[in-house]
Amino acid sequence: MAVFNKNSTAEEVTAGLDLAGRTALVTGATSGIGLETARVLALRGAHVLVAGRTLDKARAACAAIPGRATPLACELEDFDGVAECAARVNQLGVPLDMLICNAGIMAPPTLQLVRGLEKQFVANHLGHFLLVNRLLDAVRAAPAGRIVMVSSSAHKWAPPGGIAFNNLTGDKGYEPRAFYGQSKLANALVARELARRLRGRPATANAVHPGLIITNIIRYIPRWQQLLAPMVGPLLRSRIKTTPQGAATTCYVAAHPDVAAASGRYSADCAVATPAKVMEDDALAARLWTESERLVRSWL
Ligand SMILES: NC(=O)c1ccc[n+]([C@@H]2O[C@H](COP(=O)([O-])OP(=O)(O)OC[C@H]3O[C@@H](n4cnc5c(N)ncnc54)[C@H](OP(=O)(O)O)[C@@H]3O)[C@@H](O)[C@H]2O)c1
């Protein structure tokens with residue numbers, strides 16, 4: 001059994017793996033952790049479907065990826081676009097060995113609405129929920145398909161009770177970090193409910209926390225804090241990871257044979273981690289699933 005830790009990189013956790021013949025879809029693969037995840041899976045031989053907000057962005061990312069990479073447009077706030085992206089994947093007619101829901105935004109300072117709902121809930125959670133549902137048959141068609149939801153330790157910032165079902169519009173108050181936490185908790189609850197639904201089948205679903213990495217995710221924090229980040233980062237070296245380290249847990253959970261049977265887990269630093277209790281609330285996971293189905297019913 002290989003042992004990796006918070007310092008391991010995506011290349012290290014996949015060293016020696018031959019992913020030839022496997023197909024992986026990575027959302028938000030045009031930047032940061034997603035781009036590194038896509039790069040390393042392709043380096044190991046996988047055919048990577050590189051999903052970006054636009055086809056141009058996805059094409060540019062593919063140019064930086066060695067091996068077989070196919071660009072896909074997938075703007076998660078646009079449910080028609082998500083459905084179209086899934087249709088394109090299904091048209092390829094190949095099983096999906098790895099479905100990595102990585103794209104995300106963090107804490108816009110003011111309330112923004114998409115389809116009348118708070119933006120992070122839509123982009124981080126609902127868009128991925130729809131994508132996963134439309135690609136579930138392709139994952140089930142793989143010999144041992146793995147779904148990885150990129151969550152965050154910030155799930156602990158979620159409001160009391162976890163998901164504020166009575167405030168998905170933000171009209172009862174908006175706190176940027178709490179809504180980010182809620183969306184990241186939602187990612188993990190989806191993995192948990194998926195794992196329950198996939199029980200008895202070879203497919204798995206897990207959630208990961210990549211660590212703290214200075215990427216474009218900080219785009220919404222004040223400009224002066226962004227400028228300070230590269231200086232503060234080295235001072236907090238024990239806490240801040242590099243992007244190759246940030247992609248390691250995702251790649252490990254998505255591809256390493258040691259965790260092939262793991263499902264319903266929350267991992268960080270390439271190991272099982274302890275989440276907030278609310279992430280283990282099966283009733284909450286089931287309720288979120290039902291409510292999310294209701295919200296995207298027309299596109300399912
Ligand atoms: N960095 C950290 O410290 C950290 C910690 C914990 C969890 N995470 C999670 O890790 C994931 C990757 O973050 P990162 O740090 O790599 O950030 P990043 O560099 O900003 O990458 C985010 C990716 O998601 C894409 N994206 C954002 N909104 C989207 C939308 N509506 N539709 C489609 N794609 C969208 C971005 O595309 P554009 O660039 O075109 O907008 C980009 O490709 C996120 O889910 C984040 O919550 C990050």
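A tally of helices and strands in the protein yields 10 helices and 12 strands. Expected size for 300 residues packed as a compact globule is a radius of gyration near 19 Å; at 18 Å, the protein falls within 12% of this value. Reported as C-alpha extents along the three principal axes, the dimensions of the protein are approximately 50 × 45 × 40 Å. Expressed as a percentage of its 300 residues, the buried residues of the protein come to 50%.

Even without being glycine, Ala107 reaches a positive phi, approximately 55°. For Ala107, the position within the fold is in the loop between β4 (98-101) and β5 (113-114). The backbone of Arg115 shows a phi angle near 55°, a positive value even though the residue is not glycine. Relative to the helices and strands, Arg115 is located in the loop between β5 and β6 (117-118). For Arg115, a count of 12 C-beta atoms within 10 Å corresponds to the exposed category.

Around the ligand sit 28 residues in total, of which Gly28, Gly32, Ala103, Gly104 and Thr215 are the nearest. Elements with a contribution of two residues or more to the shell around the ligand: α2 (32-43) and β9 (212-213). For the shell around the ligand, the element with the most residues is α2, which contributes 3 residues. Taken together, the residues of the shell around the ligand sort by class into 12 nonpolar, 12 polar and 4 charged.

Attention now moves to the sheet that holds strand β12 (residues 271-272). With respect to topology, 8 strands assemble into an open sheet ordered β3-β2-β1-β4-β7-β8-β11-β12, the strand pairing being mixed. Of all strands in the sheet, those with a lone pairing partner are β3 (69-73) and β12, marking the two edges. Relative to β3, helix α3 (residues 55-63) is tilted by about 165°, and along the sheet it contacts β2 (47-52) and β3. Across the sheet, helix α4 (residues 79-92) touches β1 (23-27), β2 and β3, and the angle it forms with β3 is around 150°.

Thresholds, definitions, all that
Residues numbered from 1 in each chain as written. Predicted model: local features only at pLDDT ≥ 70, side-chain atom pairs only at ≥ 80, totals over all residues. Helix = DSSP H or I, 4+ residues; strand = E, 2+ residues; numbered from the N terminus. Rg over C-alpha atoms; globule rule 2.2 N^0.38 Å. Buried ≥ 20, exposed ≤ 12 C-beta atoms within 10 Å, placed from the backbone. Near = placed C-beta within 6 Å. Nonpolar A, V, L, I, M, F, W, Y, C, P; charged D, E, K, R; others polar. Pairing = 2+ DSSP bridges. Contact = placed C-beta atoms within 7 Å. Axes fitted to C-alpha atoms, helices over the stretch in contact; angles between N-to-C directions.

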